[in-house]
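# Remarks on the overall topology
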Amino acid sequence: MADKTPTPRSKRVIAFMNQKGGVGKTTTTVNLAGALAAAGRNTLLIDLDPQAHATLHVGVDPNTIERSVYDVLLDPALDPRAAIVKVRDNLSILPAQTDLAAAEGELTPVADRQKRLEAALAKLPEYEFVLIDCPPSLGLLTLNGLAAAREVIIPMQAHFLALQGVSKLLETIAMMSQAVNPRLRVTGVVLCMHDGNLMHSKEVVADLEGFFDSAREQQTPWRFARVLRPAIRRNIKLAECPSFGQTIFEYAPNAPGAADYRELASGLLAEWDAMLSRADAGAPEVVVPPTKVAASA
Ligand SMILES: Nc1ncnc2c1ncn2[C@@H]1O[C@H](COP(=O)(O)OP(=O)(O)OP(=O)(O)O)[C@@H](O)[C@H]1O
Ligand SMILES: [Mg+2]
C-alpha cells in the first residue's frame, strides 16, 4: 500500500534475533513497533517467521492475504508495497504465511539469496523504523534479516543455558558482518519474562554485562552492546494480547508489560535522536557509548 508519509532523513533497521525458540522475539518486535508508531514514527514490521506470529499479533489473518514476504523474497521485481498491509497509524507490516518455510529451499540456488530483503528495503524509503522478527533458527531467512539490518537486538531469558546460545548467535553475526554486512552491530540484549529478584537471573545478567564489557576493545559487531533497560517483566497480559490481534498498548495500556515496552522504546528513541543530532552537527558517527548500569533490572 502506498504511504504518503514524507521520507525520513534516516532509517533504523533492527533485526530481533535468537535461534532459541520462545524467548520473546515476537513479543518484543511487535510491542516495540507499536510503541514507536504511537510515538509518531513511521514503522514497518517484517515477519520473517513461517509461524506468522507477528502477523497474527497485529491482527492480520495470514490466510486472507494475497501476497506476503515470501513473494517479496522470491520475486525481486515485485514492488514490496504490493505485500505491505497498513495496520495502524504509522504502523505497517510485511506479513508472513506458512509458505515462507519453503523460501529457504527455493532461494538456495539463487546467487543473491542472502540479500533479497535488503534489496526490497532499499525500495522503501518512507519508513524510519524497520523491525524484523526473525524465526528461531540461523537459516537463510534469519541471514536475510541480518543482511538487511544495521542493528541486532537479542531478546533472551536470563537462564544459564541461554548464554551458550548467545555465543553461537554472535558467531553467526560475526560471519555476516565479515562476509556480507560490515556495518552490522549488536545494540544489545533485551531480557524478557524477567524476574530481577531471582539470584539466578542476577548472576546471568552480571555474566552478560561482564562478557560485553570484556569485548569493548575488540573489533567485533558487539563491542558497543549492552543489556538494555528496562528488562521486560513477566506479565500475563503480554501473553494474552496476541490472540486479540492487539499490541499491549491497545489490549492493556496500564499493564506492567506496556510500561516496560514503552520505556524501552523511549530509551532507544532518545539514543537514536541524539545520534541524528550529532550527525547533523557534523560529528563522525558515534554509536552509543556503553553505559554502566546496575545489575538489578
Ligand atoms: N514478558 C512476558 N510475560 C509473559 N509472557 C510472555 C512475555 N514475553 C513473551 N511471553 C509469551 O511467551 C511466549 C513466547 O514469546 P514469543 O512468541 O515472543 O517468543 P519468540 O522468541 O518469538 O518465539 P519463537 O521462537 O517461537 O518465534 C508467547 O506465548 C508470549 O506471549
Ligand atoms: Mg516469534
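Residues numbered from 1 in each chain as written. Chains lettered and ligands numbered in written order. Predicted model: local features only at pLDDT ≥ 70, side-chain atom pairs only at ≥ 80, totals over all residues. Heavy atoms only, no water.

Turning to empty space enclosed by the protein, a few remarks are in order. In total, this model carries two cavities of 30 Å³ or more according to the counting rule given. The calculated volume of the second largest cavity comes to roughly 40 Å³. Taken together, Ile14, Phe16, Leu32, Leu36, Phe129, Leu131, Ala265 and Leu268 make up the full set of residues lining the second largest cavity. Of all the secondary-structure elements, those providing two or more residues to the lining of the second largest cavity are β1 (12-16), α1 (25-38), β5 (129-133) and α11 (256-280). (1 Å grid on protein atoms, 1.4 Å probe; cavity = no way out; pocket = protein on both sides within 12 Å on 5 of 7 lines; lining within 4 Å. Points joined across faces, edges and corners; volume = space filled by probe spheres on them. Helix = DSSP H or I, 4+ residues; strand = E, 2+ residues; numbered from the N terminus.)

Within this structure, the stated rule accounts for 16 salt bridges. For glutamate 126, the salt bridge identified is with arginine 81, shortest N-O distance 2.8 Å. A residue pair is termed long-range when its members are at least 10 positions apart, and glutamate 126 in the loop between α5 (116-121) and β5 and arginine 81 in the loop between α3 (69-74) and β3 (85-88) qualify at 45 residues. Arginine 81 gets classed as partly exposed once you look at its relative accessible area, which sits at 24%. Salt bridges sharing common partners tie together Arg12, Glu151, Arg185, Arg226 and Glu271. (Salt bridge = Lys/Arg side-chain N within 4 Å of Asp/Glu carboxyl O. Buried < 20%, exposed > 50% of the residue type's maximum accessible area, 1.4 Å probe, protein only.)

Attention now moves to the site of ligand 1. Around ligand 1, a shell composed of 18 residues is seen, among which Lys25, Thr26, Thr27, Arg233 and Asn235 lie nearest. A distance of 3.0 Å separates an oxygen atom of ligand 1 from a polar backbone atom of valine 23. In the complex, 82% of the free accessible area of ligand 1, which totals 630 Å², lies under the protein chains. Among the elements of the structure, α1 and α9 (236-240) are those that each provide at least two residues to the shell around ligand 1. For the shell around ligand 1, the element with the highest residue contribution is α1, accounting for three residues. (Near = heavy atom within 4 Å. Polar contact = N/O pair within 3.5 Å; in protein donor to acceptor, adjacent residues only side chain to side chain. Areas by Shrake-Rupley, 256 points an atom, 1.4 Å probe, with all protein chains shown as cover.)

This next bit is on the packing of helix α4 (residues 100-107) against helix α6 (residues 140-148). Where α4 contacts α6, the two axes come as close as 9 Å, and the packing angle between them is 80°. Relative to α6, the element α4 is oriented roughly perpendicular. Within the contact between the two elements, α4 uses Leu100, Ala103, Glu104 and Leu107 and α6 uses Leu140, Leu141 and Asn144. Residues belonging to the contact of α4 with α6 are distributed by class as follows: five nonpolar, one polar and one charged. (Axes fitted to C-alpha atoms, helices over the stretch in contact; angles between N-to-C directions. Parallel < 35°, antiparallel > 145°, perpendicular 65-115°, else oblique. Contact = heavy atoms within 4.5 Å. Nonpolar A, V, L, I, M, F, W, Y, C, P; charged D, E, K, R; others polar.)

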